[in-house]
Structures are given as structure tokens and as C-alpha cells.
Amino acid sequence: MELGLHTISCRPPLTQSYNRNIRLIRCGIAEPSGMPAPMGQKTRYKDGFFEKAFMTLFARKMEKFASAKDGAAKGWYDYESFVDVSKRVVQGRSRKEQQEVVREVLLSMLPPGAPAQFRKLFPPTKWAAEFNAAITVPFFYWLVGPSEVIEVEVNGVKQKSGVLIKKCRYLENSGCVGMCVNMCKIPTQDFFTNEFGLPLTMNPNFEDMSCEMVYGQAPPPLELDLVSKQACYAEICTMANKNSTVCPKVQF
């Protein structure tokens, strides 16, 4: 079965996962295997028009909040310049301020009244959670790389409302625990849970840069979340504090 999204440049077809009866989309990856590169190596992507259009749209929205930079992109943004804008947003801001920037950017992408309409269309049901998991896979590959729908358990009920991101492109390219938490995980959880009324929990794995998204599951308070104890990527993050056991960007 193929998705009717002919404008999205996902070259290889949907294929069966080797260990689950679920489907995987390989989009824009330039690696010979068609899969993300092993940990310690950066995955090569071949982005097309629509991937770069999304990168440019989001980056231009974030530029309003980013510190100035000589030679910043003025036309189309690639993924590297998109991440660079994110890093400039982080500079000089607390974790709460970073998260608020992402919220403002996300709201600016939506027409007036969109969150209220979303709540009417997608009340927090099993169907809504599974539907949003399904559309996450094709629509967010440009941001996080290839992913697949997986079965998860929410409040004792098994359902296919989980999304397993194989190796998050954003984390891989930023190399920053704090940016993962403050510019992606927390604001995305909060946006779906509080603005859209559909609970979402994101569980990044900093050992292999994968991430599990669980629609329908309410996120825990940050102080109870494992990410609040996560150390920096000392060897790859340019903003890392090598003397701290916890990433300063996620500390209270």
C-alpha cells in the first residue's frame, strides 16, 4: 500500500519492518543501506524541494527569535542552516524561554482557531492517537528522519499509537541534549497535550539517538522525566559542559 502523498519525495516504497508487522518509510536518505548511519557517524540525506521548503518555512519563523549572524541564510535553508537557527535561538535563553519560542513558532504556522478545531476533530480517543501516529511518519521525516508506527500500551490498552524514530535527525545534527529537550521534546509534548488536547509523550534514547513518541499518553513532569538527569554529549556538543553530570540546559 502506498501513501497518496505524491508531492513528498520519499523515493523507496513502504516496506515491511524486519521484526514487526509494521511499515517503514525511508525518505531522503543517501546512505547505501537506505537507513540511518550507525551511532558515531552522521547520516547523509538527499533533500528535495519539499523537504527544503519545510526547513525554510520553520527556519524563517525561528529567525525572528534568533541572535543575529553575519552570513545567515537569506534564500533557501538546508538542514544545517535550519539547525544553526535553532542554536542561535537557544543562546541567552532559559529552557522555559526556549520552549516558549517553539510554542510561538508552532502557533504561527496554524490558521486562527486551529487548535480548537483540532480538539473537535481529534478528541483524545484511541482512534485519534493512532491516526496522528500514522500521519507523523510521512509528514515529519524531513525533521526527524525515518520512523515507523509501533504498538504501545496506553492505560493498559494496546494500540498502534506509537512512533519509533530510528535515529533522530535533529538530535544527530545538533548533537545537543538540551536542544533535543527544550526545542523539541518538551514543547512538542506540551503543544499536543495542552493546545490540541491530545496527550503525547516523547522518550528520546540518548544511547542510539532514537526516540519513541506515544500519542495518548500524558507526559510526566520534567522533574520525574529521565531526561532531567541526562548528561551532555561531551564529545560532540559545542555547548557541552564536560564537568557537569547533567546537561545544564535541562537543569532547573
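Heads up: these notes are all about the structure in this document. Since this is a predicted model, take the numbers as computed values, not measurements.

Moving on: the packing of aromatic side chains. Tallied over the entire structure, the rule returns 17 aromatic pairs. Seen from their ring centres, F122 and F131 are 5.4 Å apart, and the 20° between their planes marks the pair as stacked. Look at F122 and you get buried, because its relative accessible area is 13%. You can call F131 partly exposed: its relative accessible area is 34%. Aromatic side chains W127 and F131 sit 5.2 Å apart centroid to centroid with 15° between the ring planes, which places their arrangement in the stacked category. One end of the pair is W127 and the other is F131, both in helix α5 (residues 126-139) and 4 residues apart, which spans about a single turn. When its relative accessible area of 51% is taken as the criterion, W127 is described as exposed. One cation-aromatic arrangement involves R169 over Y79; the distance from NZ or CZ to the ring centre is 4.0 Å.

Here we take up the packing of helix α3 (residues 95-108) against helix α8 (residues 177-195). Each pair of packed helices gets described by two things: the angle between the helix axes and the distance between those axes. Here α3 crosses α8 at 55°, and the two axes come no closer than 9 Å. Classified by the interaxial angle, the pair formed by α3 and α8 is oblique. Here the hand of the crossing between α3 and α8 comes out right-handed. Between α3 and α8, the residues in contact are R95, Q98, Q99, V102, R103, L106 and L107 and N182, M183, I186, P187, F191 and E195, respectively. Counted by class, the contact of α3 with α8 contains 7 nonpolar, 3 polar and 3 charged residues.

Where helix α1 (residues 49-63) contacts α3, the two axes come as close as 10 Å, and the packing angle between them is 125°. Classed by the angle they form, the pair α1 and α3 counts as oblique. At the point where α1 passes α3, the crossing takes the right-handed sense. On the side of α1, the interface is formed by F58, K61 and M62, while α3 contributes V105, L106 and S108.

Definitions and limits used
- Residues numbered from 1 in each chain as written.
- Predicted model: local features only at pLDDT ≥ 70, side-chain atom pairs only at ≥ 80, totals over all residues.
- Heavy atoms only, no water.
- Phe/Tyr/Trp six-rings, centres within 6.5 Å; stacked < 30°, edge-to-face > 60°.
- Buried < 20%, exposed > 50% of the residue type's maximum accessible area, 1.4 Å probe, protein only.
- Helix = DSSP H or I, 4+ residues; strand = E, 2+ residues; numbered from the N terminus.
- Lys NZ or Arg CZ within 6 Å of the ring centre and 35° of its normal.
- Axes fitted to C-alpha atoms, helices over the stretch in contact; angles between N-to-C directions.
- Parallel < 35°, antiparallel > 145°, perpendicular 65-115°, else oblique.
- Left-handed = near helix turned anticlockwise from the far one by under 90°.
- Contact = heavy atoms within 4.5 Å.
- Nonpolar A, V, L, I, M, F, W, Y, C, P; charged D, E, K, R; others polar.

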